[in-house]
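# Notes for the structure review
Below, each chain spelled out in residue letters.
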Amino acid sequence: MKIALLGYGKMGKVIERIALERGHEIVLKKDEFNTYDGLSTADVAIDFSVPTAAVENISSSFQANVPVVSGTTGWLEHYDEIIALCHEKKGGFISSSNFSLGVNLFFELNDYLAKIMAPYSSYAVDMEEIHHTQKLDAPSGTAISLAKGVIENSNYTKWTMDKAADNEIHIEALRIADVPGTHTVTYNSEVDSIEIKHTAHNREGFALGAVIAAEWLAGKQGVFTMKDVLNFK
């Protein structure tokens, strides 16, 4: 399979290595200094760039009839227009705040815990995420996905980084050097606390999941999620 890498930073380099190990060919390594030459020859594009570049990267891929796996966060105010373009061009698209298999299992666990905790109003939920100092957006896309999972399965209505009201989930975002990513969801009451936590040890899990998603997406049309890739019901 021929892969175009849109974004060639630390994650892009790990994705490149894993893709090559799995027998794929890299036809483009796009960064801020080069063009999209080679994009149209790709079977699939993987976008791990920055928020200011993601929309152009994804749009250019659809224009070139190349399906896209995007792990960039911080650009979702443009999500509806990207989805519209995907449908218009009969493209294929997977966007995820986190492609790690472990994190996607964590998402499922978070949804289930929120559902069974919903009747117990004595517990208040809050979240903490820790990432490396180079991460540009806060809170992380993964933390936002976790918050949305709680909101969809409980009486909470929104998340905030400020002091939370009764129906709000507080997210604390910390930036510490060389931390790939840690996410903690805690339910606190006066008598005890219940906590689930995911800690990434390196970037390997994110990169492998993105390559697996690209393998799955190649040749498909439509908008999908990691639930489709991993066959979660």
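The text that follows walks through the structure, step by step, so that each part is easy to find. (Residues numbered from 1 in each chain as written. Predicted model: local features only at pLDDT ≥ 70, side-chain atom pairs only at ≥ 80, totals over all residues. Heavy atoms only, no water.)

### Observations concerning the environment of T157
For T157, the location among the structural elements is in the loop between α5 (141-152) and β7 (158-160). Counting along the chain gives 53 residues from T157 to N104, while the straight-line C-alpha distance between them is 22 Å. If sequence neighbours within four positions are ignored, T157 has contacts with I151 and N167. At 2.8 Å, the side chain of T157 and the side chain of N167 are in polar contact. (Helix = DSSP H or I, 4+ residues; strand = E, 2+ residues; numbered from the N terminus. Contact = heavy atoms within 4.5 Å. Polar contact = N/O pair within 3.5 Å; in protein donor to acceptor, adjacent residues only side chain to side chain.)

### Quick word on the sheet that holds β7
Read from one edge to the other, the open sheet built from five strands follows the order β7-β8-β6-β9-β10, with strand pairing classed as mixed. Either end of the sheet is taken by a strand with one partner, and the two such strands are β7 and β10 (193-200). The sheet shows a mean angle of 20° between the axes of neighbouring strands, taken without regard to direction. Pairing of strand β6 (residues 124-131) with strand β8 (residues 168-175) involves six bridges; the strand directions are parallel. Across the sheet, residue M127 finds its bridge partner in β8, namely I171. The sheet strands contacting α5 are β6, β7, β8 and β9 (181-188), and the helix crosses β6 at an angle near 165°. (Pairing = 2+ DSSP bridges. Axes fitted to C-alpha atoms, helices over the stretch in contact; angles between N-to-C directions.)

### Notes on the nonpolar core
Residues I15, I46, V69 and F99 are the most contacted members of the largest nonpolar core, which totals 25 residues. Residue assignment for this core shows that the elements contributing at least two residues are β1 (2-6), α1 (10-21), β3 (44-47), α6 (204-217) and α7 (226-229). Setting aside residues no more than four positions away along its own chain, F99 makes contact with F48, V69, S70, G71, I94, N104, G205, F206, G209, A210, A213 and M226. (Core = buried A, V, L, I, M, F, W, Y, C linked by side-chain atoms within 4.5 Å. Buried < 20%, exposed > 50% of the residue type's maximum accessible area, 1.4 Å probe, protein only.)

### Considerations on the packing of α1 against α6
One can describe the packing of α1 onto α6 by two numbers: an axis separation of 9 Å at closest approach and a directional angle of 60°. Taken together, the axes of α1 and α6 are oblique relative to one another. In this structure, α1 meets α6 at a crossing whose hand is right-handed. Mapping the contact onto sequence places M11, V14, I15, R17, I18 and A19 in α1 and E204, F206, A207, L208, A210 and V211 in α6. Tallied by class, residues from the contact of α1 with α6 come to 10 nonpolar, no polar and two charged. (Parallel < 35°, antiparallel > 145°, perpendicular 65-115°, else oblique. Left-handed = near helix turned anticlockwise from the far one by under 90°. Nonpolar A, V, L, I, M, F, W, Y, C, P; charged D, E, K, R; others polar.)

### A short note on α5
Between its terminal C-alpha atoms α5 stretches 16 Å, which fits the 16 Å expected from 12 residues at 1.5 Å a residue. Within α5 the residues assigned to the buried category are G141, T142, A143, L146, A147, G149 and V150. Contact partners of the buried residues in α5: α4 (101-117), β6, β7, β8 and β9. (Expected span 1.5 Å × (residues − 1).)

### Some details on the layout of surface pockets
The volume enclosed by the largest pocket comes to roughly 940 Å³. What lines the largest pocket is a set of 38 residues, among which M11, F48, S49, V50 and H132 lie closest to the centre. No other element matches helix α2 (residues 51-63), which puts four residues into the lining of the largest pocket. Split into classes, the residues belonging to the lining of the largest pocket amount to 13 nonpolar, 17 polar and eight charged. (1 Å grid on protein atoms, 1.4 Å probe; cavity = no way out; pocket = protein on both sides within 12 Å on 5 of 7 lines; lining within 4 Å. Points joined across faces, edges and corners; volume = space filled by probe spheres on them.)

So far we have only geometry, and geometry alone does not tell us how the molecule works.
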